[in-house]
Amino acid sequence: MKLQRFLLLAVAAMMALTAHAEVKLPAFFMDNMVLQQQTTARIWGTATPKKVVKVTASWSEEEFTAKADKEGKFMVELRTIEAGGPYELTISDGEAVTLKNVMLGEVWICSGQSNMEMPMKGFKNQPVENGNLDAARGTNPNIRLFTVKRNAQIAEVEDVIGKWEEARPLSIRDFSATAYYFGRMVEEVIDVPVGLICVAWGGSACEAWMTPEMLEAFPQVKLPATQAEVDKTQQRCPTALWNGMLRPLVGMAIRGAIWYQGCDNWNRAYYYADLNATMIRGWREKWGIGDFPFYYCQIAPFDYDIITAVGQPRYNSAYLREQQAKVEHMVPNSGMAVLLDVGMERGIHPYDKKAPGERLALHALNKTYGIEGIYCDAPIYKGIEIKGNVVEVSFDRSPMWISCKHGFESKCFEVAGEDRVFYPAKAEVKQKKMIVSSEQVEKPVAVRYGFKDWCVGDLYGSDGLPISSFRSDDWADPAPIRE
């Protein structure tokens, strides 16, 4: 009888322990975090099943509650006030978890591939220009950094691995350089705390950051069936990074997203505009907070012949840049940072990460935060007018006209006649137009600017923003085979 009673008591004790579960939160709800200001922010996790979870914040006397379901999952909505801090946030189901040093401010998702992932310390043999000096001067408790660990998965996961850190030399050194320069400029100008969440993986395909539903319109994309298939291609596997890295963040209150990706898609550029626009719409639908700001970088020039194997087609990455330039006209509340002047012929990771980050920040400052007196959109190609052997090129979005790095002459133009053979051209600025001609083309019919894998863009708006590569023709350009 004593043994039986002991066993019954032991079972009862175990059941009591099982019934109680401490409050557990995803990794991005932790000390040092930034919550989006002036919104309804969601806090979720697990607690004791069917218990009421209470959330209190030191910025408010209000108590926010929700009941955990039978599996212990809960989600509480709380109102945030204007930017400030540090605050404390307490989540309790009877036993409390307190998050300290919490700031209210502006939260941005920073995603893409290696040029977004590239940290301030650079990659081996590939430094970030002034990265060491800027990290040394970067201590700022108003900037908070969170890097999501790489994770490619066949199915959606519930959490990520990472931690929030205040900006200081050590944390800056290991954080995305492009994202850091973006956040630094935003914080400096609007003077509120900024939280940056880097969700990036070098070499990742756009398709990897999308759901199966987002990819339904693209039958050429093959979805994985098993984790083994994912493991073979990892960051290039469709849906794998959405599942393993981005999906857990959905629902977190954010201001918007910045994006630097495209290099992996250079050899299948023909559908990139539709693909990327679909991805943006899909993210917005999943977050359910409307058309949040989405600002992105156009890839910089690079000699892709270096990474093209012998016997494989040689694709001109200018076609990918052309597709990227279409996206901002397809998607509301978006903008593109042109990088035609900061590429490297033999380096796919430009050392200059300040220009991409700050050009993205100009979009946010002007379009999202309404800062007047700054310009963020570079001039764009409008059309041509042919007068004899001269082509006049006109532009939109050029209130201050255009300029050249080399005085009044650009070295990046080509013209072609009816034979569709392009020749280097003389191109001069004339107020808000370019006057283009070549002695080798008597009757020009088409013009191109910077429309190559590798070039150094030299055409700008007068606000210092480079103009994207463009072409007036729509001719197909079959990819030759690398010999």
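You'll find the structure just up there.
From a predicted model like this one, the values you see are computed outputs, not experimental measurements.

Q: Any chance you could explain the pairing of strand β13 (residues 334–337) here in plain terms?
A: The side chains of a regular strand alternate, residue by residue, between the two faces of the sheet. Of the two faces of β13, the one lined by S334 and M336 and the one lined by G335 and A337 are each fully buried. When strand β12 (residues 294–297) meets β13, the two strands line up parallel, connected through four bridges. Looking at the pairing, Y295 lines up with G335 of β13.

Q: Explain the packing of aromatic side chains to me, please; I cannot follow it from the model alone.
A: Two numbers describe a pair of aromatic rings. These are the distance of the centres and the angle of the planes. Counted according to the given criterion, the structure contains 25 aromatic pairs. Geometrically, the ring pair formed by W287 and F292 is edge-to-face, given 6.0 Å between the ring centres and 75° between the ring planes. For F292, a relative accessible area of 3% translates into the label buried. What links up through ring pairs into an aromatic cluster is the set Y381, F395, F413, Y449 and F470. Positioned above the aromatic ring of F292 is the side chain of R284, whose terminal nitrogen or guanidinium carbon lies 5.8 Å from the ring centre.

Q: Got a minute to help me understand the pattern of salt bridges in this structure?
A: Enumeration according to the criterion identifies 31 salt bridges in this entry. For K367, the salt bridge is made with D377, and the minimal N-O distance between the two is 3.1 Å. Note that K367 is positioned in helix α10 (residues 354–368) and D377 in the loop between α10 and β14 (380–387), a separation of ten residues in sequence. According to the relative accessible area criterion, D377 is buried, its value standing at 16%.

Q: Which parts of the structure should I look at to understand unusual backbone geometry?
A: Both trends apply: most residues other than glycine have a negative phi, and most peptide bonds are in trans. Each neighbour pair has its own omega, and for G85 with P86 the value is 5°, a cis peptide bond. Along the chain, the position of P86 falls in strand β6 (residues 84–92). Its identity is not glycine, yet D191 carries a phi of approximately 60°, on the positive side. Its relative accessible area of 58% is what places D191 among the exposed residues.

Q: What is the right way to read the packing of helix α8 (residues 272–287) against helix α9 (residues 318–330) from this model?
A: Packed helix pairs are specified by the crossing angle of their axes together with the interaxial distance, meaning the distance between the axes. For the pair α8 and α9, the least separation of the axes is 8 Å and the interaxial angle reads 40°. Classified by the angle their axes make, α8 and α9 are oblique. By crossing handedness, the relation of α8 to α9 is classed as right-handed. Touching Y272, A273, D274, N276, A277, I280 and R281 of α8 are L320, Q323, Q324, K326, V327 and M330, all from α9. Per-class residue counts for the contact of α8 with α9 are seven nonpolar, three polar and three charged.

Q: Just checking my understanding: could you explain empty space enclosed by the protein for this structure?
A: Gaps left between atoms are located by rolling a probe of water-molecule size over the structure's atoms. Per the stated rule, a full pass over the model turns up three cavities of 30 Å³ or more. Roughly 50 Å³ of internal volume is contained in the largest cavity. Lining the largest cavity are M336, A337, V338, R359, H363, C376, A378, L465 and P466. Among the elements of the structure, β13 and α10 are those that each provide at least two residues to the lining of the largest cavity. In terms of residue class, the lining of the largest cavity is built from seven nonpolar, one polar and one charged.

Q: Can you walk me through the nonpolar core in this structure?
A: For soluble globular proteins, nonpolar side chains are generally found buried alongside one another. Within the largest apolar cluster, 151 residues are counted, with the highest numbers of intra-cluster contacts made by W283, F413 and M434. If sequence neighbours within four positions are ignored, F413 has contacts with V393, Y423, P424, A425, A427, M434, V436, V447, R448, Y449, L459 and F470.

Q: Just to check I follow, could you spell out the layout of surface pockets for this structure?
A: Of the voids in this model, the largest pocket is the one considered here, and its volume is about 680 Å³. Surrounding the largest pocket, 30 residues form its lining, R314, Y315, N316, Y319 and D477 being those nearest its centre. When residues in the lining of the largest pocket are grouped by element, the largest group, four residues, is from α9. Its residues assigned to classes, the lining of the largest pocket shows 13 nonpolar, four polar and 13 charged. What the second largest pocket holds in volume is close to 420 Å³. The wall of the second largest pocket is formed by 18 residues, among which P26, W44, G45, K73 and E158 lie closest to the centre. The set of elements that each furnish at least two residues to the lining of the second largest pocket consists of β2 (40–46) and β5 (73–79). For the lining of the second largest pocket, the element with the most residues is β2, which contributes four residues.

Q: Would you take a moment to explain the pairing of β14 for this structure?
A: In this sheet, strand β15 (residues 390–396) lies alongside β14 in antiparallel orientation, the contact comprising seven bridges. What sits directly across from I384, in β15, is V393. Where β14 hands over to β15, the hairpin turn is made up of two residues, of which G388 adopts a positive phi near 70°.

Q: Just checking my understanding: could you explain the sheet that holds strand β21 (residues 433–437) for this structure?
A: Pairing between the strands of a sheet is mediated by backbone hydrogen bonds and can be parallel or antiparallel. Taken in spatial order, the five strands make up an open sheet running β14-β15-β21-β20-β17, and their pairing is antiparallel. Among the strands making up the open sheet, the edge pair consists of β14 and β17 (409–410). Relative to strand β20 (residues 426–430), β17 runs antiparallel, the two being bridged by two bridges. Residue E409 lies in a different strand from β20, and its bridge partner there is E428.

Q: Explain the sheet that holds strand β18 (residues 413–416) to me, please; I cannot follow it from the model alone.
A: On the basis of which strands lie adjacent, the open sheet formed by four strands has the order β19-β18-β22-β24 and antiparallel pairing. Two strands lie at the open edges of the sheet, namely β19 (422–424) and β24 (470–471), each paired on one side alone. When β18 meets strand β22 (residues 446–449), the two strands line up antiparallel, connected through four bridges. Following the sheet pairing, F413 is matched in β22 by Y449.

Rules behind the numbers
- Residues numbered from 1 in each chain as written.
- Predicted model: local features only at pLDDT ≥ 70, side-chain atom pairs only at ≥ 80, totals over all residues.
- Heavy atoms only, no water.
- Buried < 20%, exposed > 50% of the residue type's maximum accessible area, 1.4 Å probe, protein only.
- Helix = DSSP H or I, 4+ residues; strand = E, 2+ residues; numbered from the N terminus.
- Pairing = 2+ DSSP bridges.
- Phe/Tyr/Trp six-rings, centres within 6.5 Å; stacked < 30°, edge-to-face > 60°.
- Lys NZ or Arg CZ within 6 Å of the ring centre and 35° of its normal.
- Salt bridge = Lys/Arg side-chain N within 4 Å of Asp/Glu carboxyl O.
- Axes fitted to C-alpha atoms, helices over the stretch in contact; angles between N-to-C directions.
- Parallel < 35°, antiparallel > 145°, perpendicular 65-115°, else oblique.
- Left-handed = near helix turned anticlockwise from the far one by under 90°.
- Contact = heavy atoms within 4.5 Å.
- Nonpolar A, V, L, I, M, F, W, Y, C, P; charged D, E, K, R; others polar.
- 1 Å grid on protein atoms, 1.4 Å probe; cavity = no way out; pocket = protein on both sides within 12 Å on 5 of 7 lines; lining within 4 Å.
- Points joined across faces, edges and corners; volume = space filled by probe spheres on them.
- Core = buried A, V, L, I, M, F, W, Y, C linked by side-chain atoms within 4.5 Å.

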